[in-house]
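Architecture and fold: a report
The residues making up each chain are set out below.
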Amino acid sequence: MTKALMPTIAIVYFSGTGHTHLMAQAIAEGAVKVEDTTVELLRITGEQIINGRWKNDQGIATLNQADAIVFGSPTYMGGVAAQLKAFIDAASEVWFRHGWKDKIAAGFTHSSSPSGDKQGTLLYLATNAAQHGMIWVNVGDLQSFLSGKDDGVNRLGGFLGVMGQSELDTSGKEPLLDPGDYLTSLRFGQRIAEVTKRWVN
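Below is a short write-up of the structure. Predicted, not measured: the structure shown is a model, and the values here were computed from it.

Okay, the environment of His 19 next. You can see His 19 is positioned in helix α1 (residues 19-31). Considering only alpha carbons, one finds His 19 and Leu 168, 149 residues apart in sequence, at a separation of 11 Å. Contacts of His 19, omitting those with residues within four sequence positions, involve His 110, Ser 166, Pro 175, Leu 176 and Leu 177. Of the polar contacts made by the side chain of His 19, one reaches the side chain of Thr 17; its length is 2.8 Å.

Attention now goes to the nonpolar core. Judged by nonpolar contacts, the single largest core of 27 residues is most densely connected at Val 12, Leu 63, Ile 69, Phe 71, Phe 87 and Trp 100. In terms of residues, this core owes the most to one element, helix α3 (residues 82-90), which gives 5 residues. Ranked by size, the runner-up nonpolar core spans 21 residues in total, among them Ala 68, Leu 177, Phe 188 and Ile 192.

Let's shift gears to the environment of Leu 22. On the secondary structure map, Leu 22 appears in helix α1. Residues Leu 22 and Pro 175, spaced 153 residues apart in sequence, show a C-alpha to C-alpha distance of 8.3 Å. The contacts of Leu 22, once residues within four sequence positions are left out, are Pro 175, Leu 176 and Leu 177.

Now for the pairing of strand β2 (residues 38-44). Across 7 bridges, the pairing between strand β1 (residues 8-14) and β2 is parallel. Within β2, the position partnered with Tyr 13 by the bridge is Arg 43. A crossover connection joins β1 to the parallel β2 through α1; in handedness this β-α-β unit is right-handed.

All right, on to the pairing of strand β5 (residues 68-76) then. Burial runs high along β5: 8 of the 9 residues are buried. As paired strands, β1 and β5 are joined by 5 bridges and run parallel to one another. Counterpart to Ala 10 in the pairing with β5 is Ile 69. Taken together, the 7 bridges between β5 and strand β7 (residues 104-111) define a ladder with parallel strand orientation. Its bridge partner being in β7, Phe 71 is matched across the sheet by Gly 107. Direction of pairing for β5 relative to strand β6 (residues 79-80): antiparallel, over a ladder of 2 bridges.

Before going further, it helps to spend a moment on unusual backbone geometry. With a phi close to 70°, Asp 36 is a non-glycine residue in the positive phi region. Looking at the secondary structure, you find Asp 36 in the loop between α1 and β2. Look at Asp 36 and you get partly exposed, because its relative accessible area is 42%. The phi torsion at Asp 117 lies on the positive side, around 60°, for a residue other than glycine. Residue position: Asp 117 is located in the loop between β7 and α5 (118-131).

Now for the side chain of Ser 15. Structurally, the position occupied by Ser 15 is in the loop between β1 and α1. A relative accessible area of 5% places Ser 15 in the buried class. Engagement of the side chain of Ser 15 in a polar contact is seen with the backbone nitrogen of Gly 18, the distance being 3.2 Å. There is a polar contact of 3.5 Å between the side chain of Ser 15 and the backbone nitrogen of Thr 20. Here Ser 15 is in contact with Thr 20, His 21, Arg 43 and Pro 74, once residues within four sequence places are set aside.

Cut-offs and rules
Residues numbered from 1 in each chain as written. Predicted model: local features only at pLDDT ≥ 70, side-chain atom pairs only at ≥ 80, totals over all residues. Heavy atoms only, no water. Helix = DSSP H or I, 4+ residues; strand = E, 2+ residues; numbered from the N terminus. Contact = heavy atoms within 4.5 Å. Polar contact = N/O pair within 3.5 Å; in protein donor to acceptor, adjacent residues only side chain to side chain. Core = buried A, V, L, I, M, F, W, Y, C linked by side-chain atoms within 4.5 Å. Buried < 20%, exposed > 50% of the residue type's maximum accessible area, 1.4 Å probe, protein only. Pairing = 2+ DSSP bridges. Right-handed = clockwise from strand over helix to strand, strands pointing away.

Okay, structure coming up:
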């Protein structure tokens, strides 16, 4: 009998105010609920961007070894943050050799507005994954009110990827994630891990 492979998931993201980071952590928390799943959090920082280009050889090596890659960014002006775009542009070197082809992919985003044109960010992340030949995983959860629950799951009605929202706060306080967004991210992480486990086995 063949031994089941242990799925590895890398979550690569940029977070400006910390909300996207909290979503990444919740996705990781959900993913490790699936037995034998390993998760790596790769937070993009300004120091990794040199002359406008993202550079992190260890980060690329981690992504190359992962079975699934989850992309995350706040939505700024209707699209991904410049820092994540710098990473995506740098990863075009992987695209040339189709190094991520057939890996599982997914995405998430956050903004201070209930809409904020977050769909544009998710569409960009999904398009990037498609160009790499990756297999995209959607949210898979209806909005909680449709199932008669009041837990806030998928409260913003995002299906391509997880959408989070918090009120704009420039006071410098510790960021907080809406309980529904936390639960949606948690469930999304578990879904990604389950799909990845089925895919690699």
